[in-house]
Amino acid sequence: MQNFILFGSLVNFFTVVIGGTAGALFRKIKVPERISSGMMAAMALCVMYIGIDGMIHFKYPQAGVNVILCIVAMALGVLIGELINIDKGMQTFGNWVQKKMGRGDKDHSFADGFVSCTVIFSVGAMAIVGSINSGISLDHDTILAKALIDCITCFFMATNFGIGCAFAAIPTFLYQAIITVIAWLAGSGMENLMAGALFGKILNEMSLCGSIVIFAIGMNMLGFTKIRVANFLPALFMPILLESLLLLF
């Protein structure tokens, strides 16, 4: 089974489902509002810490990072995201699934959990590097480690948002599977690219942009902001375009 290039992504799919389902079941336990709000605040602070840590520590520290380029990437990415309104599309999908499950539409916790977990599980460097490693060398170690982290994260997120978090397994799997298949098709070319300094720099910049988005999710969870985080997703890929343009000049 491990010789299957999507083995890691499939394991990640099921760990998110398991973590989200278990968290949703735990959510049904009636606890005082004081305790549930405290748990929500604690989870939000942990999410913010993950974002801050990602802004400081990079997988390829020797490659460096162009902060100005990241600022431009965020601006362009958010502009594209707002024009397309990705967040609205994901919220609409989440609400549609919620209605189909017969859960009504009393609040947006289902959609909020779906969107937040999808973003968290997709923007990190582990999703990109792990998927590429699975595709070019059947090395699933990074994805499997990510799967365990996602399972734990999804459990605690679901204790606040509910079963919508488990449905984040679908876009997360599709995202990682696409990267894995592209890496598999590229073969040795992708392996050579990963060995280059430019790849490390781009990944650092993508990770920085992603970590900013994760921090924004924590701010939303605390109620400080109502940022449409899914509209930030295009910013994650802007460093690829911008670094490529810089090579032309």
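These figures come from a predicted structure and were not determined experimentally.

Definitions and cut-offs
- Residues numbered from 1 in each chain as written.
- Predicted model: local features only at pLDDT ≥ 70, side-chain atom pairs only at ≥ 80, totals over all residues.
- Heavy atoms only, no water.
- Phe/Tyr/Trp six-rings, centres within 6.5 Å; stacked < 30°, edge-to-face > 60°.
- Helix = DSSP H or I, 4+ residues; strand = E, 2+ residues; numbered from the N terminus.
- Buried < 20%, exposed > 50% of the residue type's maximum accessible area, 1.4 Å probe, protein only.
- Expected span 1.5 Å × (residues − 1).
- Core = buried A, V, L, I, M, F, W, Y, C linked by side-chain atoms within 4.5 Å.
- Contact = heavy atoms within 4.5 Å.
- Polar contact = N/O pair within 3.5 Å; in protein donor to acceptor, adjacent residues only side chain to side chain.
- Axes fitted to C-alpha atoms, helices over the stretch in contact; angles between N-to-C directions.
- Parallel < 35°, antiparallel > 145°, perpendicular 65-115°, else oblique.
- Left-handed = near helix turned anticlockwise from the far one by under 90°.

**Here's the deal with the packing of aromatic side chains**
Point 1. For the coordinates displayed, the defined rule picks out 9 aromatic pairs.
Point 2. Measuring from ring centre to ring centre gives 6.0 Å for Phe26 and Phe155, while their planes differ by 50°; the resulting arrangement is tilted. With Phe26 in helix H1 (residues 7–27) and Phe155 in helix H7 (residues 141–161), this pair connects stretches of sequence that are 129 residues apart.
Point 3. Taking the relative accessible area as the measure of exposure, Phe155 reaches 25% and is therefore partly exposed.
Point 4. Relative to Phe156, the ring of Phe155 lies with its centre 5.1 Å away and its plane at 85°, an arrangement referred to as edge-to-face.
Point 5. A relative accessible area of 39% places Phe156 in the partly exposed class.
Point 6. Chaining the aromatic ring pairs together yields one cluster made of Phe13, Phe14 and Phe173.

**Observations concerning helix H8 (residues 169–186)**
Point 1. Over its 18 residues, H8 runs 26 Å from end to end, which matches the ideal 26 Å to within 8%, given 1.5 Å per residue.
Point 2. Listed as buried for H8 are Ala169, Thr172, Phe173, Tyr175, Gln176, Ala177, Ile179, Thr180 and Ala183.
Point 3. Backbone geometry just downstream of H8 places Gly187 in the positive-phi region, at approximately 60°.

**Side note on the nonpolar core**
Point 1. If you look at the biggest cluster of nonpolar residues, it comprises 54 residues, and the most contacted ones within it are Val47, Val119, Met157 and Met221.
Point 2. Going through the elements one at a time, helix H2 (33–56), helix H3 (67–84), helix H5 (109–123), helix H6 (125–137), H7, H8, helix H10 (197–221) and helix H11 (238–247) are the ones with two or more residues in this core.
Point 3. When residues no more than four places from it in sequence are discounted, the contact partners of Val47 are Ile120, Met157, Ile214, Ile217, Gly218 and Met221.
Point 4. Core analysis: the second largest hydrophobic core is formed by 5 residues, Ala24, Val97, Phe110 and Ala166 among them.

**Some remarks on the environment of Thr159**
Point 1. Tracing the chain through its elements places Thr159 in helix H7.
Point 2. As a C-alpha pair, Thr159 and Ile178 span 19 residues in sequence and 30 Å in three-dimensional space.
Point 3. Discounting chain neighbours no more than four positions away, the residues touching Thr159 are Gly23, Phe26, Arg27 and Met39.

**Considerations on the side chain of Thr180**
Point 1. Looking at the secondary structure, you find Thr180 in helix H8.
Point 2. Here Ser131 takes part through its backbone oxygen, which lies 3.1 Å from a polar atom of the side chain of Thr180.
Point 3. Contact partners of Thr180, with chain neighbours within four places excluded, come to Ile5, Leu6, Ser9, Ser131, Ser134 and Gly135.

**Brief notes about the packing of H5 against H7**
Relative placement of two packed helices is described by the angle separating their axes and the distance separating the axes.
Point 1. One can describe the packing of H5 onto H7 by two numbers: an axis separation of 10 Å at closest approach and a directional angle of 160°. With respect to H7, the axis of H5 lies roughly antiparallel. Crossing handedness for the pair H5 and H7: right-handed. Counted together, Ser109, Phe110, Asp112, Gly113, Ser116, Cys117, Ile120 and Phe121 of H5 and Lys146, Asp150, Thr153, Cys154, Met157 and Phe161 of H7 form the full contact between these two elements.

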